[in-house]
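Summary of structural features
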Amino acid sequence: VFVLVIFVCVACSRFLPSSSPCLVRIMRAVFSQPDPTLRYLVLSHGALRWAERLASVKADKALSKELDASKAFDKCKKDAAKLAGSKAKVKYADFAEKWKGTRAGERALALSKKKD
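We now turn to the structure provided with this report. (Residues numbered from 1 in each chain as written. Predicted model: local features only at pLDDT ≥ 70, side-chain atom pairs only at ≥ 80, totals over all residues. Heavy atoms only, no water.)

What follows deals with the overall build of the protein. Broken down by element type, the protein carries 7 helices and 0 strands. Ordered by position from the N terminus, the helices and strands of the protein form the series α-α-α-α-α-α-α. The 116 residues of the protein split such that 26% are buried. Taking all contacts inside the protein whose residues are at least 6 apart in sequence as the whole, residues at least 24 apart take part in 48%. Accessible surface, the protein as shown: approximately 8300 Å² in total, 62% of it carbon and sulfur. (Helix = DSSP H or I, 4+ residues; strand = E, 2+ residues; numbered from the N terminus. Buried < 20%, exposed > 50% of the residue type's maximum accessible area, 1.4 Å probe, protein only. Contact = heavy atoms within 4.5 Å. Areas by Shrake-Rupley, 256 points an atom, 1.4 Å probe, with all protein chains shown as cover.)

Tallied over the entire structure, the rule returns 1 salt bridge. A salt bridge links Lys-75 to Asp-79; the nearest nitrogen and oxygen atoms lie 3.2 Å apart. Of the two residues, Lys-75 and Asp-79 are both situated in helix H5 (residues 61-81); the distance of 4 residues between them amounts to about one turn of the helix. Residue Asp-79 is classed as partly exposed on the basis of its relative accessible area of 25%. (Salt bridge = Lys/Arg side-chain N within 4 Å of Asp/Glu carboxyl O.)

So, on to the packing of aromatic side chains. In the structure shown here, the tally under the stated rule is 3 aromatic pairs. Consider the rings of Phe-73 and Phe-95, whose centres lie 5.5 Å apart with planes at 50°: the pair is tilted. A residue pair is termed long-range when its members are at least 10 positions apart, and Phe-73 in helix H5 and Phe-95 in helix H6 (residues 85-98) qualify at 22 residues. By the burial criterion, Phe-73 is buried, and Phe-95 matches it. Aromatic side chains Phe-95 and Trp-99 sit 6.2 Å apart centroid to centroid with 35° between the ring planes, which places their arrangement in the tilted category. Each member of the pair, Phe-95 as well as Trp-99, is classed as buried. The rings of Phe-73, Tyr-92, Phe-95 and Trp-99 are connected pair by pair, giving a single aromatic cluster. (Phe/Tyr/Trp six-rings, centres within 6.5 Å; stacked < 30°, edge-to-face > 60°.)

At a minimum axis distance of 8 Å, the contact between H5 and helix H7 (residues 103-112) shows a crossing angle of 30°. In terms of axis orientation, H5 runs roughly parallel to H7. Between H5 and H7, the contacting residues are Glu-66, Ala-69, Ser-70, Phe-73 and Lys-77 on the first element and Arg-103, Ala-104, Arg-107, Ala-108 and Leu-111 on the second. (Axes fitted to C-alpha atoms, helices over the stretch in contact; angles between N-to-C directions. Parallel < 35°, antiparallel > 145°, perpendicular 65-115°, else oblique.)

Okay, here's the thing in structure tokens:
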């Protein structure tokens, strides 16, 4: 039961950015239990490692911006797939301007200059 709650918290932590240090504490508390099954589950799935990684990504502004840009680029690609070629290029160009300096922005810029 503890592990299911923890995985749900990890999945939802992008909505609750201040909860990441709390998740690390929860993972450590579960790992400190004497039950070998719980310890194995935490170790085998790397839950503690991923909770710490999530906390570090959210603390780093550049990585957080790259992650947000990547999610926005996926949405932009879905929207652009529904449009004609020239309109899709304009959409990619707008996205590249908005997310300039990120890898997703560079990919969108390349797609906006792609020849049909």
